[in-house]
Amino acid sequence: MALRFGLFGRKDGDDGARVALAALKERARIVLCLSDEATVAVNEIVCADPACPGLETVVLIMEPGRRTRALKIAKAAGAVTDDDLHTAAAGARL
């Protein structure tokens, strides 16, 4: 399975993509009630394997003294809803 990190179908200078990722990062912090010490990273990942959903958003949550948790959502970052974050968090046992 080949994974390629980056923004699928978007140019490196795409401000809209950066805005969507930054907005989701802040929404994840609020929706998941994360502490100020938590670090949140959001990326879109493209999987070239036909069995993959295509474009997937991964929200990494890193907190001191805890294992890093990855929330995987089979949507573009701009399409992720608060309900998607809650569902992914429940599956990751946050």
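So, here is what we can say about the structure in this document. In this text the structure is predicted, and so the values were computed from the model without any measurement.

What about the side chain of Asp-84?
Okay, step 1: When you line up the elements, Asp-84 lands in helix 2 (residues 82–92).
Okay, step 2: Its relative accessible area of 17% is what places Asp-84 among the buried residues.
Okay, step 3: Polar contacts involving the side chain of Asp-84 include one to the side chain of Lys-75, which spans 2.8 Å.
Okay, step 4: When neighbours within four sequence positions are excluded, Asp-84 is seen to be in contact with Ile-73, Lys-75 and Ala-79.

Digging into the pattern of salt bridges
Okay, step 1: Counting across every chain of the model gives four salt bridges.
Okay, step 2: Here Arg-66 ties to Glu-63 by a salt bridge, and the two come within 3.3 Å at their closest N and O atoms.
Okay, step 3: Look at Arg-66 and you get partly exposed, because its relative accessible area is 44%.
Okay, step 4: For Glu-63, a relative accessible area of 15% puts it in the buried group.
Okay, step 5: Note that Glu-63 and Arg-69 form a salt bridge whose closest N and O atoms lie 2.3 Å from each other. Across the pair, exposure class does not vary: Glu-63 and Arg-69 are buried alike.
Okay, step 6: Each of Glu-63, Arg-66 and Arg-69 takes part in a single network of salt bridges with overlapping partners.

Cut-offs used in this document
Residues numbered from 1 in each chain as written. Predicted model: local features only at pLDDT ≥ 70, side-chain atom pairs only at ≥ 80, totals over all residues. Heavy atoms only, no water. Helix = DSSP H or I, 4+ residues; strand = E, 2+ residues; numbered from the N terminus. Buried < 20%, exposed > 50% of the residue type's maximum accessible area, 1.4 Å probe, protein only. Polar contact = N/O pair within 3.5 Å; in protein donor to acceptor, adjacent residues only side chain to side chain. Contact = heavy atoms within 4.5 Å. Salt bridge = Lys/Arg side-chain N within 4 Å of Asp/Glu carboxyl O.

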